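Spelled out, the chains give:
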Amino acid sequence: MRTSAHARWQRSEPQDDERILKELGYTQQLHRRMGAFGNFSASLSVISIMSGALLLFGYGLNSGGPAVVVWGWLAVGPLVLCLAAALAEITSRYPTSGGLYYMARQLGGERWSWCTGWLNLLGLLGGIAAQDYGIATFTAAWANLQFGFVPTPGSLLVLFTVILALHAVMNLFGTRLMNVLASLSAWWHLAGAVVIIGALALVPSHHRPAGFVFSEFTNNTGWSSPVYVVLLGMLLPCFALAGYDTSAHMSEETSGASVAAARGIIRSVAVSWVAGGILLAALLFAIQDYASTLGSETGVPVAQIFLDALGAATAKALLLVIIVAQFLCGYTVTASASRMIYAFARDGALPGSAHWQRVSRRTAVPANAVGLAVGVAFVLALPSLYSATAFSAVTAISVVGFTPAYAIPVLLRLRHRDRFTPGPWHLGRWSRPVGWVAVLWAAGVTVLFLLPQASPVTATSFNYTPVALLVALAMAALWWHFGRRSYGVPRSGTANARDQIDEAEDII
């Protein structure tokens, strides 16, 4: 049976996607209008080297400085690739919008699935909040250079709300637009990175020496332990190289998903790691004044580097390139989160699941799920009104949600080898060693970013990531007690009797 099942999956062609999905227990509801490049582009856009890496660039300069930014990026990349490869292998076998929690159900049971789904949802919602708040800060920095605008917590929250609303509206127009924008985003990110790197390498008359870039250590965290500060600095690459599960969440809208989604995961991480490392190095070499970069009136160290090294006109132009890239990233993150909500609700895991799983008849978009995603993201960003460390806390929430959710299916796959039949994309004999490296790495990262990030710990510097995690887990436990009877993830190869099309009236 194992051999014949594996052979059947190996023969799967793009035109067999609906049959494969039916074998996994679902009927096709979403439109498959995304190709392999579109799927790869979606994950590349969510990872977004011009979002995660640049949004936390100032955090990295304060939490270890250039040395930790460079060496941390180089060290973390291969570990993230291990986790991505292990997850891609499982995605190839289970290409559904539910992604991680569906995998956990097949490999470990409903309790594991429930926990994985809630953690993944927390990571995605935190990702929306962090991404769109970051766009607001970069937009405010551009407005500062252009109009002398001085950002405040209140004005940033207003900008953030407008950006959230735009992403919500854009996500109501269906997969065809998503495929176009995801592909555009991939090319925009890569071309934009080339332009920025070229400008920083060729235009400035002065560059920092290699000794500064590779060995300069800066500690503005308040903690006295260099080791702890170095570990805190790992938040930059961990957040910047997260979100590649988007390829899995978009698999029900992708042709040939059992291969395309797996390749989309691993390729998006590899490309982002290489391109992001070069971009970060270019920024570090171009720093003209370290103190003024950290204390920039724009509120964005990257903007100050552009201003000092390239002049006002070029700085404003490059900031616009970054803002467009970040906006496209935020659009895709919102899409990924809405598909996760739709799939989780489809299996009865959320309060009011019947409402959140509804799909528009006209666009085949889970519109209510889009609204829920941006609504919760707004709530997660509210502490920015009073907390100086709110942004880094929101990014930590995203990492703490994503990382264990990625690792749980991998751990279950390692523990229950007899329950897993590889799909057409697999690691072969490298599956177990790569998997164990991934699991151990994920466990360490999860614990690390629950710890305080700044000293002394006060109301404004408190890392509220553990609070957000506890609230999410408490909600999951409470709803498990009252609502688990409605939860039913189909076993692979069975039909889901509850999976009927529940279409909402068109809202567009």
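Structure's up top.
Residues numbered from 1 in each chain as written. Predicted model: local features only at pLDDT ≥ 70, side-chain atom pairs only at ≥ 80, totals over all residues. Heavy atoms only, no water.

## A look at the pattern of salt bridges
Oppositely charged side chains can pair when the atoms bearing their charge come close.
Okay, step 1: Inspection of every chain in the model, using the stated rule, returns six salt bridges.
Okay, step 2: Between E23 and R19 there is a salt bridge whose closest N-O contact spans 2.7 Å. Of the two residues, E23 and R19 both sit in helix 2 (residues 17–23), four residues apart, roughly one turn of that helix.
Okay, step 3: Note on E23: relative accessible area 19%, which makes it buried.
Okay, step 4: Across the salt bridge formed by E252 and R346, the nearest N and O atoms sit 3.0 Å from each other. With E252 in the loop between helix 13 (246–249) and helix 14 (257–285) and R346 in helix 17 (residues 312–346), this pair connects stretches of sequence that are 94 residues apart. With respect to class, E252 is no different from R346; both count as buried.
Okay, step 5: One salt-bridge network, held together by shared partners, links D16, R19 and E23. (Salt bridge = Lys/Arg side-chain N within 4 Å of Asp/Glu carboxyl O. Helix = DSSP H or I, 4+ residues; strand = E, 2+ residues; numbered from the N terminus. Buried < 20%, exposed > 50% of the residue type's maximum accessible area, 1.4 Å probe, protein only.)

## Concerning the nonpolar core
Okay, step 1: Ranked by size, the top nonpolar core spans 163 residues in total, and within it M50, F138, L200, Y244, V302, F306 and F449 carry the most contacts.
Okay, step 2: Looking at this core element by element, the count peaks at 17 residues for helix 17.
Okay, step 3: Residues within four places of Y244 in sequence aside, it is in contact with S43, I47, V80, L83, A84, L87, I265, S268, V269 and Y406.
Okay, step 4: Core analysis: the second largest hydrophobic core is formed by nine residues, M34, L181, L328 and Y331 among them. (Core = buried A, V, L, I, M, F, W, Y, C linked by side-chain atoms within 4.5 Å. Contact = heavy atoms within 4.5 Å.)

## Let's talk about the packing of aromatic side chains
Okay, step 1: This model, assessed by the stated rule, comprises 18 aromatic pairs.
Okay, step 2: Between the aromatic rings of Y94 and F420, the centroid separation amounts to 6.4 Å while the plane-to-plane angle is 65 degrees, which identifies the pairing as edge-to-face. Here Y94 is found in the loop between helix 5 (65–93) and helix 6 (100–108), whereas its partner F420 is found in the loop between helix 20 (390–415) and helix 21 (431–448), with 326 residues between them in sequence.
Okay, step 3: For Y94, a relative accessible area of 2% gives the class buried.
Okay, step 4: The exposure class of F420 is buried, given its relative accessible area of 0%.
Okay, step 5: Ring geometry for F402 and Y406: centres 5.5 Å apart, planes at 25 degrees, overall stacked. Pair noted here: F402 and Y406 are both in helix 20, with a separation of four residues, about one helical turn.
Okay, step 6: One aromatic cluster is present, formed by Y101, W114, W118, F344, W480 and Y487 through successive ring pairs.
Okay, step 7: The ring of F212 is capped by R208, whose NZ or CZ atom sits 4.4 Å from the centre of that ring. (Phe/Tyr/Trp six-rings, centres within 6.5 Å; stacked < 30°, edge-to-face > 60°. Lys NZ or Arg CZ within 6 Å of the ring centre and 35° of its normal.)

## A few points about the state of the cysteines
Okay, step 1: Enumeration over the complete set of coordinates arrives at zero disulfides.
Okay, step 2: Here C238 is not cross-linked by a disulfide; its sulfur's nearest cysteine counterpart is in C82, at 13 Å.
Okay, step 3: Summary of cysteine pairing: C329 is not part of a disulfide, and the nearest cysteine sulfur, belonging to C238, is at 17 Å.
Okay, step 4: By relative accessible area, C329 is classed as buried at 0%. (Disulfide = S-S within 2.5 Å.)

## Section: a nonpolar patch on the surface
Okay, step 1: On the surface, a nonpolar cluster with roughly 410 Å² of combined accessible area is contributed by V457, F462, V467, V471 and M475.
Okay, step 2: For M475, the position within the fold is in helix 22 (residues 465–483).
Okay, step 3: On the basis of relative accessible area, M475 is assigned to the partly exposed category, the value being 43%. (Patch = residues over 30% accessible without salt bridge, like charges linked within 9 Å, V, L, I, M, F, W, Y side chains within 5 Å. Areas by Shrake-Rupley, 256 points an atom, 1.4 Å probe, with all protein chains shown as cover.)

## Comments concerning helix 21
Along an α-helix, residues three or four apart share an orientation, since each turn contains 3.6 residues.
Okay, step 1: Between the first and last C-alpha of helix 21 there are 26 Å, a value that for 18 residues agrees with the 26 Å anticipated at 1.5 Å per step.
Okay, step 2: Taken residue by residue, helix 21 has S431, V434, G435, A438, V439, W441, A442, V445, T446 and L448 as its buried positions. (Expected span 1.5 Å × (residues − 1).)

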